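Working through the structure, step by step
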Amino acid sequence: MNKLKHFIEWHVFGVCSAIGEKMGIATSTIRKYFIYMSFMTLGSPVIIYFFVAFWMNVKRYILNARRNPVKYL
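Anyway, here's the lowdown on the structure attached to this text. (Residues numbered from 1 in each chain as written. Predicted model: local features only at pLDDT ≥ 70, side-chain atom pairs only at ≥ 80, totals over all residues. Heavy atoms only, no water.)

When you go through the protein chain residue by residue, the secondary structure sums to 4 helices and 0 strands. The order of α-helices and β-strands along the protein chain, N terminus first, is α-α-α-α. Within the span of the protein chain, comprising 73 residues, buried residues form 16% of the whole. Split by element, the accessible area of the protein chain, about 6,500 Å² in all, is 69% carbon and sulfur. (Helix = DSSP H or I, 4+ residues; strand = E, 2+ residues; numbered from the N terminus. Buried < 20%, exposed > 50% of the residue type's maximum accessible area, 1.4 Å probe, protein only. Areas by Shrake-Rupley, 256 points an atom, 1.4 Å probe, with all protein chains shown as cover.)

And the structure:
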């Protein structure tokens with residue numbers, strides 16, 4: 001069960017996990033408040049969630065490209 005949880009947290013998007021690590025807050029707490037806010041505001045935090053997920057992937061792509069000086073041979 002822990003392997004499945006770890007896979008979902010880090011390989012799906014990992015937004016809540018990343019925010020929790022940076023702010024020092026439990027990931028489950030962040031997810032809980034995200035769900036509450038989604039119900040109260042009719043889903044508008046979902047747009048923010050997808051934006052952050054997109055930004056994290058772009059940031060990871062840029063950092064990986066900088067580490068590899070030889071792109072194409």
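This part is about helix α2 (residues 15-23). Residues of α2 that are buried: V15, C16, S17, A18 and G20. Phi turns positive, to about 75°, at G24, one or two residues after α2.

Inspection of the secondary structure puts S38 in helix α3 (residues 27-40). Exposure remark for S38: the relative accessible area of 15% places this residue in the buried category. When sequence neighbours within four positions are dropped, the list of residues in contact with S38 reads G43, P45 and V46. (Contact = heavy atoms within 4.5 Å.)

Counting 5 residues, the largest nonpolar core consists of V15, C16, I30, Y49 and A53. Within the residue set of this core, elements represented by two or more residues are α2 and α4 (44-67). Look past the residues within four positions of V15 in its chain and what remains in contact with it is Y49, V52, A53 and M56. (Core = buried A, V, L, I, M, F, W, Y, C linked by side-chain atoms within 4.5 Å.)

Further remarks concern the packing of α2 against α3. The description of two packed helices rests on the angle between their axes and on the distance between the axes. Two elements in contact, α2 and α3, have axes separated by 8 Å at closest approach and are oriented at 125°. What the angle tells us is that α2 and α3 run oblique. With respect to the hand of their crossing, α2 and α3 are arranged in right-handed fashion. Across the interface between the two elements, C16, S17, I19 and G20 from α2 touch T27, I30 and R31 from α3. When its residues are assigned to classes, the contact of α2 with α3 shows 3 nonpolar, 3 polar and 1 charged. (Axes fitted to C-alpha atoms, helices over the stretch in contact; angles between N-to-C directions. Parallel < 35°, antiparallel > 145°, perpendicular 65-115°, else oblique. Left-handed = near helix turned anticlockwise from the far one by under 90°. Nonpolar A, V, L, I, M, F, W, Y, C, P; charged D, E, K, R; others polar.)

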